[in-house]
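Given next are the chains, with one letter for each unit.
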Amino acid sequence: MSVRNVSTWLFLLGMLYVTLAVNTAFGFLFSAKDLMMGIVILVNGSIYLFGLLERVEDVKKRTSHLLVGSFFSYILSIYQIVVVFSLWLEGFVGGLCLLSVDAINFPLLFSGLLVSFISDYLKKSFTTT
Amino acid sequence: MVVPLSRMCEGEKGKISRLELPVEVRERLCGLGFVNGEEVELVKIAPFGDPKVFRIKGTNVTLRNDIAMWILVETSSIPLSSAQPGEYLVSLINGGWGLKERMRQYSIQEGATVKVVENSIRRIEVEVHGKTLFLSRGQAFRVIVRER
Amino acid sequence: MVVVIGDAINLERSLYLLLQVLELRGDVVLAVNAVDEARKAGLEIDKNELGKQLGIPVVITSAATGEGIEELKEVLVKSARSSSHIHYLFSEEIEEKIEALAGRFRLVPALSEFDGRWLAIKSLEHDNGVEKLTGFKAEKDFSSELAETRYRYIKRVLSTSVKGKEKHGWDLSEAIDHVITHRVLGIFVFLSVIYIVFQLTFTISGPLSLLIESGLESLGSFLGNSIGPDWLRSLVVDGIIGGVGAILVFVPNIFILFMALGVLEESGYLPRAAFVIDRLMYSMKLSGRSFISMLLGFGCNVSSIMSTRSISEPKERIVTILVSPFISCSARLPVFLLIAGTFFGTKGGVVVFFLYLLSIVVTVLSALIINRLLFKGEPSTMIMELPRYRKPRVSSIMFYTWNKGRHFLEKAGTIILGASVVIWMLSYFPAEGSQSYAAMIGRALEPLFIPLGFSWEMISSLVFGVAAKEVIVSSLTTFYGNYAVMGSAMEVMRVAISPATAFSFLVFVLLYVPCLPTLAVTKNETGSYRYVFFSVIYSLAVAYSVALAVRVIGGLL
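An account of the accompanying structure is given in this report. Here the structure is a predicted model, which is why all the values come from computation and not from measurement.

What counts and how
Residues numbered from 1 in each chain as written. Chains lettered and ligands numbered in written order. Predicted model: local features only at pLDDT ≥ 70, side-chain atom pairs only at ≥ 80, totals over all residues. Pairing = 2+ DSSP bridges. Helix = DSSP H or I, 4+ residues; strand = E, 2+ residues; numbered from the N terminus. Axes fitted to C-alpha atoms, helices over the stretch in contact; angles between N-to-C directions. Contact = placed C-beta atoms within 7 Å. Nonpolar A, V, L, I, M, F, W, Y, C, P; charged D, E, K, R; others polar. Expected span 1.5 Å × (residues − 1). Buried ≥ 20, exposed ≤ 12 C-beta atoms within 10 Å, placed from the backbone.

**Digging into the sheet that holds strand 5 (residues 59–63) of chain B**
Consideration 1: The 7 strands are arranged 1(B)-6(B)-2(B)-3(B)-4(B)-5(B)-6(C) in an open sheet whose pairing can be described as antiparallel. Lying at the two open borders of the sheet, with one neighbouring strand each, are strand 1 (2–4) of chain B together with strand 6 (383–386) of chain C. Strand-to-strand twist across the sheet, computed as the mean angle between neighbouring axes with direction ignored, equals 40°.
Consideration 2: In terms of strand pairing, strand 5 of chain B meets strand 6 of chain C through 4 bridges, oriented antiparallel. Residue pairing for strand 6 of chain C: Thr62 of chain B is matched across the bridge by Met384 of chain C.

Given below as structure tokens:
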């Protein structure tokens, strides 16, 4: 990936995750209100945004922010899937339905899964050099 | 110049010249590869400035400043303030964001070529990209250069 | 027979260790491990050449893929006790000195069980232990010359036996490190990871605990219907199934927590975490190593105290031993989960997170206070290697989880079973409920706890909890279960106790007297009852004052 591409991704994903953080912390859209989780997502967002503070010539450093950030996002959405699954299981055992659109937090879940492709792509580029 | 390991800057390399440590600590360090003449690089500084990660013999080892200050390394870098007239490459600028920004305006940044014209007691006259400028001793002390 | 396990990617340093072992004894086999990673990195290791140069059997293995393990076993069986393989690799001047010294040491009868050459080399290195042993001090310290010569020799050996390019530029490990140990981000990433780990254990184990609970319930009602005498039925159903069952419900929780910790350890994140927060540990005169011990304390304080053996500085060790019981162990988790779940519902995770934070804060402050109080020692030196990042393997995580979690099951089978029976007896005789012996104990202590607002049931369960903290859960359920006409013990508790009191109870449980096994290990490791008494009195004082503060603040809100 070229510097410009990396920087663009860092900016876009940083903005995306800051938005997601605000969304989760206050529970605006398709999300339950969860302040702590919001802070965790904000940390993820700042991993991207801090990448933009690296010097432009340091492609490797910028790329590593993108790599770790996207991996973190991926972990967050795996976490979300596990949470949703155990909510379903708990409801199943107790004979209730605990799932709702808000509990699933679709925006977080899907962005993490999409971002995982970037993480995968970057991992390959690192192991070959 | 010979500096303690703890005084190196992030990304700087040097050759170990002496270990002034008690035997038990030195033995452990020897086992990890800290012997005279070995090349060591400061890879990373922890969030609060201490400890630091050093790369030696291809692995990363963390040391606290209270040990690293007793390991002396020979670096090819010198501060600009003690540079004799001649051409140098800027290794790094050992200062905060403000100093770096000021130096950048003089187009003194990492990797740039600097020509020292005169090194007097009060100031250092340098030539960068054909422009002549004067740096104070304090500023020049924080600009680490190596010979070309 | 000694097997030296070397790292294929970093053979140079592994061979240094090997050379030191070879100075001590000759019957050594070198196993070059992690060869799969070395191949990936483009390294080729010629084991025959390596073996020929070193004069010992060399096996190439990979613990990850199982390659070469059989061969290693064969070699170990085959190679008989061989004579020593001495490498005369030092300069003539030093070899002469070594010979002279070794000859002298060989004549001393008291040193006959040691190898003369080894003693000579060690005393030239100014090794303190050997100097004490031989009573001889070399006039000059040769250790750096010796080390340099060893490394030169190793370079020569490796130049013919290992082929591959030296790596330049950034690899994956370095890229990850750049962000994970970032100046600003490092701490926040660390906190996020720990938060996710604890949330994860909370959510996954929820439904599993529910399953176990319903299973135990039906077992209880089945036995309740089939057992004749009243007292025996009460013993089995209320005492044993109620008590041990209350613990079994938390088995999923504890296993998942250890699984998550296992993933962090296997992947190589934990040393980075120690690196990132070392400065904080340093400010309380502890090191990253005591951090690792304390981290184990999240599993069990006993294992945490036992692991302090690796801390070389005695003062630091004692401080770590004294403060690590404040780390919230997994045994306290059931109590937190039960009470937080009962009183704070879905906010339970947050409450538990804050309790963990509190435990860390108290540990830090106590370390400072105890350091000030007992010692004014210099901190020990911390030298730590950061391993490469690895993809955690399922088998080793399972092994790790089972190893750590097993203790919990063992405790459930022994101490907690016994304690459940004792508690049941104390609460059943001479009459059930408020006339029982347990109630008497609780009432006797009640005046002391009026400021905290604890009921006698809570106080009695705290008394029993000294045996093992998990017991608090079973005794609370037994006591409150007695009142329950309809519904569960939790519902009775929710009515009887205010949330502020519940929270201060949680804080008290977190901080008060370490459990009996922990105290026993403290005695063993420090070798004196002084520290045990200190630990008990100090923790009681801290628990009481913090719990009081929490209750007062909670009452205001």
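After that view of the structure, there is still more to cover.
**Focus: the interface of chain C and chain A**
Consideration 1: In this assembly, 25 residues from chain C lie in contact with 25 residues from chain A.
Consideration 2: No other element matches helix 10 (residues 185–226) of chain C, which puts 13 residues into the side of chain C that touches chain A.
Consideration 3: Class assignment of the residues belonging to the side of chain C that touches chain A gives a composition of 18 nonpolar, 6 polar and 1 charged.

**Section: the interface of chain B and chain C**
Consideration 1: Taken together, the contact pairs 33 residues of chain B with 31 residues of chain C.
Consideration 2: For the side of chain B that touches chain C, the secondary-structure elements that each account for two or more residues are helix 1 (23–32), strand 3 (39–45), strand 5 and helix 2 (65–68) of chain B.
Consideration 3: When residues of the side of chain B that touches chain C are assigned to their parent elements, the largest contribution, 10 residues, is made by helix 1 of chain B.
Consideration 4: In the side of chain B that touches chain C, the residues fall into 16 nonpolar, 8 polar and 9 charged.

**Remarks on helix 27 (residues 529–556) of chain C**
Consideration 1: Across its 28 residues, helix 27 of chain C extends 41 Å between first and last C-alpha, which sits within 8% of the 40 Å expected from 1.5 Å per residue.
Consideration 2: On the buried face of helix 27 of chain C, the contacting elements are helix 16 (314–323), helix 18 (348–374), helix 25 (499–511) and helix 26 (516–526) of chain C.

**Remarks on the pairing of strand 10 (residues 123–128) of chain B**
Residues and elements named next belong to chain B.
Consideration 1: Two strands pair when backbone bridges link them, and strand 9 (residues 113–119) and strand 10 are joined in this way by 4 bridges, in the antiparallel orientation. By the bridge assignment, Glu118 is partnered in strand 10 with Glu125.
Consideration 2: Taken together, the 6 bridges between strand 10 and strand 11 (residues 131–136) define a ladder with antiparallel strand orientation. From the neighbouring strand, Ile124 faces strand 11, where its bridge partner is Leu135.
Consideration 3: Between strand 10 and strand 11, which pair antiparallel one after the other, the connecting turn spans 2 residues, and His129 there sits at a positive phi close to 50°.

**Quick notes on the environment of Gln435 of chain C**
Residues and elements named next belong to chain C.
Consideration 1: Relative to the helices and strands, Gln435 resides in the loop between helix 20 (415–428) and helix 21 (437–445).
Consideration 2: With 11 C-beta atoms packed within 10 Å, Gln435 lands in the exposed category.
Consideration 3: Sequence separation of Gln435 and Tyr480 is 45 residues, and the distance between their C-alpha atoms is 14 Å.

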